[in-house]
Amino acid sequence: MDEKEFRVLIKHYFMKGKTPQETKEKLDKHYSDSAPSIRTVYKWFQAWSGGLENRESRHTAE
């Protein structure tokens, strides 16, 4: 699975109200060695919590 696909899964768990730790556990359970690091999971959770999604949408619409 590539980085973009993992980002979609991480966002899915973020939107469901899961914590980064819960998300990492689920990814490890299903994808073991290929799962992203906990640092990566935290990075995306922090970005979405800070409104990155809205900024990305504006830039792609321009």
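We now turn to the structure provided with this report. (Residues numbered from 1 in each chain as written. Predicted model: local features only at pLDDT ≥ 70, side-chain atom pairs only at ≥ 80, totals over all residues. Heavy atoms only, no water.)

**Considerations on the nonpolar core**
Soluble, globular proteins show a tendency: their nonpolar side chains are buried together. Our working definition: Nonpolar core, defined: a set of buried Ala, Val, Leu, Ile, Met, Phe, Trp, Tyr and Cys residues in which side-chain atoms within 4.5 Å join the residues together. Relative accessibility decides the category of a residue: with a 1.4 Å probe and only protein chains considered, values under 20% of the type maximum give buried, values over 50% give exposed, and everything between is partly exposed. Going along the chain from the N terminus, every DSSP run of H or I of four or more residues is numbered as a helix, and every run of E of two or more is numbered as a strand. Should any heavy atoms of two residues lie within 4.5 Å, those residues are counted as being in contact.
Core analysis: the biggest nonpolar cluster contains 10 residues, these being Phe6, Ile10, Tyr13, Leu27, Ala35, Val41, Trp44, Phe45, Ala47 and Trp48. Only helix H1 (3–15) and helix H3 (38–49) provide two or more residues apiece to this core. The biggest single contributor to this core is H3, with 5 residues. Those residues in contact with Ala35, other than ones at most four positions away along the chain, are Phe6, Lys24, Leu27 and Asp28.

**A closer look at the packing of H1 against helix H2 (residues 20–31)**
Helices that pack against each other are described as a pair by the angle of their axes relative to one another and the distance between those axes. Counted only if it meets this: In this description, a line fitted to the C-alpha atoms serves as the axis of each element, helices being fitted only across the stretch in contact, and the angle between N-to-C directions of two axes falls anywhere from 0 to 180 degrees. Small angles under 35 degrees read as roughly parallel and large ones over 145 as roughly antiparallel, with 65 to 115 read as roughly perpendicular and the rest as oblique. Left-handed describes a crossing whose near helix is turned anticlockwise from the far helix by less than a right angle; the clockwise case is right-handed.
With their axes 10 Å apart at the nearest point, H1 and H2 run at an angle of 135 degrees to one another. Overall, the two elements H1 and H2 adopt an arrangement that is oblique. The chirality of how H1 crosses H2 is right-handed. For the pair formed by H1 and H2, the contact residues are Phe6, Leu9, Ile10 and Tyr13 on the first element and Thr23, Lys26, Leu27 and Tyr31 on the second.

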